[in-house]
Amino acid sequence: MPDLNLTVPDYPYGAPCWVDLLVSDVERAQSFYSGLFGWRWLAGDAATGGYTMALLDGHPVAGISRKPVGAPIASQWTTYLRVGQIEVAEAAINAHGGRTLGRPVPIGALARTFIALDPGGAYFGVWEPGDLPGSGLLDEPGSLTWNELLTRDYDRVQDFQLRVFGHEFTDETENGGPRWATAHTGDGNPAYGLAEIDDEWPREIPPHWVASFATNSVVPSLAKALDLGATLIQGPFDGPYGVGAVLSGPEGEVFSILVPDLD
């Protein structure tokens, strides 16, 4: 693919390495996220099935796909976890209470992927890298900086993540508060947050991953997002992973903007 910088960070096994967006109106979503993050778009060739990626300073930072008409799934951001052999991950997911949706699909020479459900019902992706190990930038404004998994089946999902991806968890729960933890990959680095959806949450909120994109300042980024048609869900707030706000995009897809705490 032309105009593509494939120099990327190192992603250990089980790390969130890529995100993509599934929407009905691709053009509207592209306009929104270009306005918010300064992304430009590169459509793939026949070898990649036309898979379109968002570029930031020439680096791939996200993908976008059109949702099939009538698909029984909400428009959403999907977080992908890096694996070695995708067939091994597929077997492990199904053996430990998850469910894979379809077979592994190649994106040309870039990667092989599939979508799955964890035992709590949250959608996620699996990414076996080829030429593209994952997002080409991290923690820079407009790029991925953090991911969080919110679930109602906290214990079972934590056990699933340990057995399938080797994630160890550091409990961060405060007295009287909902349970949450930081997941770590095998190298000991923090990978994502795991939070419990407790009884205080509205029942209609499903288990889900939230992708957080970095910004230098939440308030102006939030104002820009609202001007472009986003809806504020929560914040701004000073959370455990930095100052952020949770938003929904043009089709209700949930994401976050975050000033990352990199200390």
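Source: prediction; values computed, not measured.

### Overview of the pattern of salt bridges
Opposite charge on two side chains permits them to pair, given that their charged atoms come into close proximity. Counting across every chain of the model gives seven salt bridges. The shortest N-O distance in the salt bridge between Glu 27 and Arg 66 comes to 3.0 Å. Note that Glu 27 is positioned in helix 1 (residues 26-37) and Arg 66 in strand 4 (residues 59-66), a separation of 39 residues in sequence. Residue class for Arg 66 comes out partly exposed when judged on its relative accessible area of 46%. Glu 196 is paired through a salt bridge with Arg 179; the nearest N and O atoms lie 2.9 Å apart. One end of the pair, Glu 196, is in strand 12 (residues 190-196); the other, Arg 179, is in the loop between strand 10 (168-171) and strand 11 (180-184), and 17 residues separate them in sequence.

### Quick look at the side chain of Thr 145
Among the secondary structure elements, Thr 145 is positioned in strand 9 (residues 144-151). A distance of 2.7 Å separates the side chain of Thr 145 from the side chain of Asp 139, its partner in a polar contact. In contact with Thr 145, not counting residues within four places along its chain, are Asp 139, Ser 212, Phe 213, Ala 214, Leu 258 and Pro 260.

### Description of the layout of surface pockets
Taken as a whole, the largest pocket spans an internal volume of roughly 1,200 Å³. Together, 45 residues line the largest pocket, and Leu 150, Trp 201, His 208, Val 210 and Gln 234 are the ones closest to its centre. Breaking the lining of the largest pocket down by element, the ones donating at least two residues are strand 5 (76-82), strand 9, strand 12, strand 13 (208-214), strand 14 (231-239), strand 15 (242-248) and strand 16 (254-260). The biggest single contributor to the lining of the largest pocket is strand 14, with five residues. In the lining of the largest pocket, the residues fall into 24 nonpolar, 11 polar and 10 charged. Both domains that furnish three or more residues to the lining of the largest pocket are identified here as domain 1 (15-129) and domain 2 (143-260). Here the second largest pocket defines a volume of roughly 660 Å³. Lining the second largest pocket are 27 residues; nearest its centre among them are Asp 139, Thr 145, Trp 146, Pro 190 and Ala 191.

### What to know about the pairing of strand 14
Across six bridges, the pairing between strand 14 and strand 15 is antiparallel. Each bridged residue has a counterpart across the sheet, and for Leu 232 the counterpart in strand 15 is Leu 247. Linking strand 14 back to strand 15 in an antiparallel pair, the connection comprises two residues.

### A look at the domain arrangement of the chain
We note that the domain assignment places domain 1 (15-129) and domain 2 (143-260) within the chain. With centres defined by C-alpha atoms, the gap from domain 1 to domain 2 works out at 18 Å. The partner domain 2 presents 35 residues to the 35 residues of domain 1 that form the contact. Taking both partners together, domain 1 and domain 2 bury about 2,900 Å²; carbon and sulfur atoms supply 72% of that area. Connecting domain 1 to domain 2 are zero salt bridges. Of all the elements in the fold, those that place two or more residues in the side of domain 1 that touches domain 2 are strand 1 (16-23), helix 1, strand 5, helix 2 (86-95) and strand 8 (123-129). With six residues, helix 1 is the single largest residue contributor to the side of domain 1 that touches domain 2. In the side of domain 1 that touches domain 2, the residues fall into 22 nonpolar, 10 polar and three charged.

### Regarding helix 4 (residues 218-227)
Turning to helix 4, its buried residues number three or more, namely Val 218, Ser 221, Leu 222 and Ala 225. Across the axial projection of helix 4, the buried residues extend over an arc of 100°, all falling on one side. In helix 4, the exposed positions that point more than 90 degrees away from the buried face belong to Val 219 and Asp 227. Note on helix 4: the residue one or two positions beyond its end, Gly 229, has a positive phi of about 115°.

### Here's the deal with unusual backbone geometry
The peptide bond linking Gly 235 to Pro 236 adopts the cis configuration, its omega dihedral lying at 0°. Residue placement: Pro 236 occurs in strand 14. Even without a glycine there, the phi angle at Asp 57 is positive, about 55°. Among the structural elements, Asp 57 can be located in the loop between strand 3 (52-56) and strand 4. The phi dihedral of Asp 139 is positive, around 70°, even though this residue is not glycine. Locating Asp 139 in the fold gives a position in the loop between strand 8 and strand 9. For Asp 139, a relative accessible area of 28% corresponds to the partly exposed category.

Cut-offs applied
- Residues numbered from 1 in each chain as written.
- Predicted model: local features only at pLDDT ≥ 70, side-chain atom pairs only at ≥ 80, totals over all residues.
- Heavy atoms only, no water.
- Salt bridge = Lys/Arg side-chain N within 4 Å of Asp/Glu carboxyl O.
- Helix = DSSP H or I, 4+ residues; strand = E, 2+ residues; numbered from the N terminus.
- Buried < 20%, exposed > 50% of the residue type's maximum accessible area, 1.4 Å probe, protein only.
- Polar contact = N/O pair within 3.5 Å; in protein donor to acceptor, adjacent residues only side chain to side chain.
- Contact = heavy atoms within 4.5 Å.
- 1 Å grid on protein atoms, 1.4 Å probe; cavity = no way out; pocket = protein on both sides within 12 Å on 5 of 7 lines; lining within 4 Å.
- Points joined across faces, edges and corners; volume = space filled by probe spheres on them.
- Nonpolar A, V, L, I, M, F, W, Y, C, P; charged D, E, K, R; others polar.
- Domains from an automatic or database assignment.
- Pairing = 2+ DSSP bridges.
- Buried area = accessible area lost by both parts, 1.4 Å probe.
- Arc of directions from axis to C-beta.

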